[in-house]
Amino acid sequence: MSGNVLVIDGLTGPEFLAEMFEFEYCAECGGDVEQHTAGPDMFGKWHAWCKDVETVGTEPPQDSPLCGWQTEYGTVNGPKFCALDKGDGLGWCVQHDRLARDGHGYGSGV
């Protein structure tokens, strides 16, 4: 490797993401490698950060057009919920509805 490349536990950021999403999708946003960026967390380990995930700080009501899937747990300001529009006839946005059907039956609003 040449230049200044951050290596943590023997992996670069792209290598970490490729390994992390080799067999599964993100439980928060439903994405894979392309929807994430890697960066060190406060403990000096790699962490995958979701790109372009719109969130709201309070759970939308049941009749809201917003998805309402809980995307972050135990944050300083409380949980965050997906703010994408629900798909036609779906309880969540298209990404989170796919996760729910794939056996990740957690989230809010159920």
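Note that this is a predicted model, so its numbers are computed, not measured. (Residues numbered from 1 in each chain as written. Predicted model: local features only at pLDDT ≥ 70, side-chain atom pairs only at ≥ 80, totals over all residues. Heavy atoms only, no water.)

## Some points on the sheet that holds strand E3 (residues 55-56)
Spatial strand order, E3-E5-E4: three strands in an open sheet with antiparallel pairing. The strands lining the two open edges of the sheet, one partner per strand, are E3 and strand E4 (70-72). Sheet topology places E4 next to strand E5 (residues 80-82); two bridges connect them, and they run antiparallel. Within the sheet, the bridge partner assigned to glutamine 70 lies in E5 and is phenylalanine 81. (Pairing = 2+ DSSP bridges. Helix = DSSP H or I, 4+ residues; strand = E, 2+ residues; numbered from the N terminus.)

## Here we look at the packing of aromatic side chains
Pairs of aromatic rings are described using the distance from one ring centre to the other and the angle between the two planes. The final tally for this structure, using the stated rule, is two aromatic pairs. A ring pair is formed by phenylalanine 16 and tryptophan 46, whose centres lie 6.1 Å apart and whose planes are at 25°; its orientation type is stacked. Of this pair, phenylalanine 16 sits in helix H1 (residues 13-20) while tryptophan 46 sits in strand E2 (residues 46-50); the two residues are 30 residues apart in sequence, bridging distant segments of the chain. Each member of the pair, phenylalanine 16 together with tryptophan 46, is buried. On the basis of an interplanar angle of 80° and a centroid distance of 4.8 Å, the ring pair of tryptophan 69 and tryptophan 92 is categorised as edge-to-face. Separated by 23 residues along the polypeptide, tryptophan 69 in the loop between E3 and E4 and tryptophan 92 in the loop between E5 and helix H2 (94-101) bring together distant segments of the chain. Take tryptophan 69 and tryptophan 92: they sit in the same class, and that class is buried. (Phe/Tyr/Trp six-rings, centres within 6.5 Å; stacked < 30°, edge-to-face > 60°. Buried < 20%, exposed > 50% of the residue type's maximum accessible area, 1.4 Å probe, protein only.)

Read these as layout, nothing more, since geometry by itself doesn't imply function.
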